Amino acid sequence: MTTRPPRKKGHRPASKPPTAASAARHAEDPLSPAIQPADDAHNPLRKTAEAQLAASMRDDANAPADPVLHELRVHQLELEIQNEALHEAQVILEESRDRYQDLYEMAPVGYLTLSVDGSIEEINLYGAQLLQDHRPTLLHQQFARYVAPADQHTWHIFWQQALQGHEVQNGEMDLIGRDGTVTTVRVRCAAIQVAGALLGVRIALSDITDLKQALAELKARGDRLQLATEASGLGL
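So what about helix H6 (residues 152–163)? Which residues, and what values?
Its twelve residues place the ends of H6 16 Å apart at the C-alpha level, agreeing with the 16 Å of an ideal helix rising 1.5 Å per residue. When H6 is considered as a whole, its buried residues turn out to be Trp155, Phe158, Trp159 and Ala162. Seen end-on, H6 carries its buried residues on one side only, within an arc spanning 95°.

Below, the structure is given as structure tokens:
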């Protein structure tokens, strides 16, 4: 009597490689458990696609019952739903961009973007009015050329501090337009940084010429009043 050697505990015989017949059966049944789609019970996109497909098949007497066709149709509907959602998101983004573009262009403040070498890359309509030049002419020009000679040092300090990533710089300076008109502005400078890399500097310019003139007139009146008071006290 032939005895078999004892099988080791926990040992399983090696699985046999699939035969041609089993591979053929597997090909005929593409929805076999081995390749069934993952459980999408918690997938809201699939739920929506399934609901749409069910509604469309309710009145379709010739709707195929093949599970493969069903999965393909569900997948097609998922893609259509995703495309529609992307289109709606794109429309919303474009509308938002247009609104911000209008605010940027029509703002009563001059907005400029300077490159790291100090040239003008972007400027809104009011900024072009402050510099009294056309935007196509202003682009790629050095902003410093529009700063009054007496304020060149102030601008240089602003610029260096902005490039070094310091906090927003605030100050006042005079700008000289193309026709020579001097405009006093309040300046705010801030660096543009992305992931620690310096991309440029943003500038906001507010025209305070009228305010400075009004303050100067008020001071002159105060000085005249002070002189008149002192003169009356002396009996003049």
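More follows now that the structure is in view.
Describe a nonpolar patch on the surface, naming the residues involved and giving the relevant values.
Among the surface-exposed residues, Leu211, Leu215 and Leu218 lie close enough to one another that they form a single nonpolar patch of about 290 Å² accessible area. Within the secondary structure layout, Leu218 lies in helix H7 (residues 209–233).

Hey, could you go over the environment of Leu45 for me, with residue numbers and the actual values?
Here Leu45 is to be found in helix H2 (residues 44–57). When the C-alpha positions of Leu45 and Gln82 are compared, they lie 8.3 Å apart, and in sequence the two are 37 residues distant.

Give me the pattern of salt bridges: which residues, what numbers.
Tallied over the entire structure, the rule returns four salt bridges. One salt bridge connects Glu172 with Arg186, and the closest N-O pair in it is separated by 4.0 Å. In this pair, Glu172 is assigned in strand E3 (residues 169–176) and Arg186 in strand E4 (residues 182–194), connecting sequence segments 14 residues apart. Residue Glu172 is classed as partly exposed on the basis of its relative accessible area of 37%. Through salt bridges with shared partners, a single network forms among Glu172, Arg186 and Lys212.

Tell me about the confidence of the model for the protein, residues and numbers included.
The predicted model of the protein averages 78 in pLDDT, with 74% of residues at 70 or higher. No element of the protein has a lower mean pLDDT than helix H1 (residues 20–28), which averages 48, and none a higher one than strand E2 (residues 120–123), which averages 95. Note that residues 23–36 has pLDDT below 50 and, in this model, ten contacts with residues that lie over four places away or in other chains.

How would you explain the side chain of Gln169 if you had to name every residue and give the values?
In this structure, Gln169 sits in strand E3. Not counting the four nearest positions on each side in its chain, Gln169 is found in contact with Phe158, Gln161, Ala162, Val187, Arg188 and Cys189.

Hey, could you go over the nonpolar core for me, with residue numbers and the actual values?
Membership of the largest hydrophobic core comes to 23 residues, with the highest contact counts inside it found for Leu112, Leu131, Phe143, Trp155, Ile203 and Leu205. Take this core: its biggest share by element is four residues, from H6. If we ignore the near neighbours within four places in the chain, the residues touching Leu112 are Ile120, Glu122, Ile123, Leu131, Phe143, Val201, Arg202, Ile203 and Leu205.

Would you mind going over unusual backbone geometry in detail, with residue names and values included?
With the exception of glycine, most residues fall at negative phi, and the peptide bonds are largely trans. Non-glycine residue His140 carries a positive phi angle of around 70°. Its location among the elements puts His140 in the loop between helix H5 (135–138) and H6.

Describe the pairing of strand E1 (residues 110–114), with residues and values.
Of all five residues in E1, four are buried; the element is thus mostly enclosed. In terms of strand pairing, E1 meets strand E5 (residues 197–207) through five bridges, oriented antiparallel. The partner of Gly110 across the bridge, within E5, is Leu205. Judged from the three bridges that link them, E1 and E2 form a sheet pairing that is antiparallel. Its bridge partner lying in E2, Leu112 is registered against Ile123. Here E1 folds back onto E2 in antiparallel fashion, the turn holding five residues, of which Gly118 has a positive phi close to 90°.

So, the pairing of E4: which residues are in play, and what are the values?
With eight bridges connecting them, E3 and E4 associate as antiparallel partners. Within E4, the position partnered with Gln169 by the bridge is Cys189. Two successive antiparallel strands, E3 and E4, enclose a turn made up of five residues, where Gly180 displays a positive phi of approximately 90°. Pairing of E4 with E5, which is carried by ten bridges, proceeds in the antiparallel orientation. Bridge pairing in E5 links Val194 to Ala197. Counted along the chain from E4 to the antiparallel partner E5, the turn is two residues long, and its residue Ala195 has a positive phi close to 55°.

Conventions used here
- Every chain is numbered independently, its residues counted from 1 as its sequence is written.
- For a predicted model such as this one, the threshold for reporting local features is a pLDDT of at least 70, and the threshold for listing and counting side-chain atom pairs is 80 or more; totals across whole chains, interfaces and linings nevertheless cover every residue.
- With hydrogens and water set aside, each side-chain value is computed from the structure's full complement of heavy atoms.
- Labels follow the DSSP assignment, with helices taken as runs of H or I lasting at least four residues and strands as runs of E lasting at least two, numbered in each case from the N terminus.
- Expected span of a helix: the number of residues minus one, times 1.5 Å.
- Only protein chains enter the calculation, and the probe is 1.4 Å; a residue is then buried if its accessible area is under 20% of its type maximum, exposed if over 50%, and partly exposed in between.
- Each direction from the helix axis to a C-beta atom contributes to the arc, which is the arc of those directions.
- Each patch is built from residues that are more than 30% exposed by relative accessible area and take part in no salt bridge. Like charges join if they lie within 9 Å; nonpolar side chains (Val, Leu, Ile, Met, Phe, Trp, Tyr) join within 5 Å.
- Methods summary: accessible areas were calculated by the Shrake-Rupley approach with a probe of 1.4 Å, and residue burial reflects only the protein chains presented.
- The working definition used for a salt bridge is a side-chain nitrogen of Lys or Arg within 4 Å of a carboxyl oxygen of Asp or Glu.
- The predictor attaches a confidence to each residue, and that confidence, scored 0 to 100, is pLDDT.
- Here, two residues are considered to be in contact whenever any of their heavy atoms come within 4.5 Å of each other.
- What we call a nonpolar core is a set of buried Ala, Val, Leu, Ile, Met, Phe, Trp, Tyr and Cys residues that are connected through their side-chain atoms within 4.5 Å.
- Here, any two strands with at least 2 DSSP bridges between them count as paired.

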